[in-house]
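Examining the three-dimensional arrangement
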Amino acid sequence: MPTMAGGYTANAKPVTPEIADLVAKHRQDAETKLGETFDVFEAVEYTQQVVAGMNYKVKVKIRKDDSFIEVDIFQSLPCNGGDTKLKKATKLN
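This one's a predicted model, so the numbers in the text were calculated from it and none came from an experiment. Each chain has its residues counted from 1, running along the sequence as written. Thresholds applied to this predicted model are a pLDDT of at least 70 for local features of residues and 80 or more for the giving and counting of side-chain atom pairs; totals over whole chains, interfaces and linings are not thresholded and use all residues. Side-chain metrics rest on all non-hydrogen atoms present in the structure, leaving aside hydrogens and water.

Residues Val-23, Ala-30, Phe-41, Val-58, Val-60, Ile-69 and Val-71 are the most contacted members of the largest nonpolar core, which totals 18 residues. No other element matches strand 3 (residues 53-61), which puts 4 residues into this core. Note on contacts: a residue pair qualifies if any of its non-hydrogen atoms lie within 4.5 Å across the two residues. Discounting chain neighbours no more than four positions away, the residues touching Ala-30 are Phe-38, Phe-41, Ile-69, Val-71, Leu-86 and Ala-89. Only buried residues count toward a nonpolar core, which is a set of Ala, Val, Leu, Ile, Met, Phe, Trp, Tyr and Cys residues joined through side-chain atoms within 4.5 Å. Relative accessibility thresholds used throughout: buried, under 20% of the residue-type maximum; exposed, over 50%; partly exposed, between the two (1.4 Å probe, protein chains only). Strands here are runs of E lasting at least two residues and helices are runs of H or I lasting at least four, both read from the DSSP assignment and numbered beginning at the N terminus.

Set out below in structure tokens:
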């Protein structure tokens with residue numbers, strides 16, 4: 001089992017339906033941050049970090065030719081509304 005030592009999980013995990021939905025909500029935000037429109041937007045794998053909420057780093061396929069980005073999404077605790085926010089989007093190749 002992956003361990004967390006004050007950071008993100010050690011190994012990337014396959015995307016769950018919940019993570020896929022979370023990432024899909026932020027497609028337009030990622031396109032705006034990177035200044036382009038993506039052909040596809042398919043979450044591939046992710047890691048997570050427990051904070052005062054949850055941080056997710058998700059590898060996302062954006063082109064049919066296997067181009068990827070990484071998105072960082074924060075989800076606040078349910079007692080704080082459970083809202084999500086795209087913190088960062090970075091091209092990987």
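We are not done yet, so read on.
Where strand 3 meets strand 4 (residues 68-76), 9 bridges bridge the pair, whose relative direction is antiparallel. Counterpart to Asn-55 in the pairing with strand 4 is Phe-74. Between any two strands, at least two bridges found by DSSP are needed for them to pair. What sits between strand 3 and strand 4 in their antiparallel hairpin is a turn of 6 residues, with Asp-66 showing a positive phi close to 65°. In terms of strand pairing, strand 4 meets strand 5 (residues 84-91) through 7 bridges, oriented antiparallel. In the sheet register, Glu-70 faces strand 5, and the bridge partner there is Thr-90.

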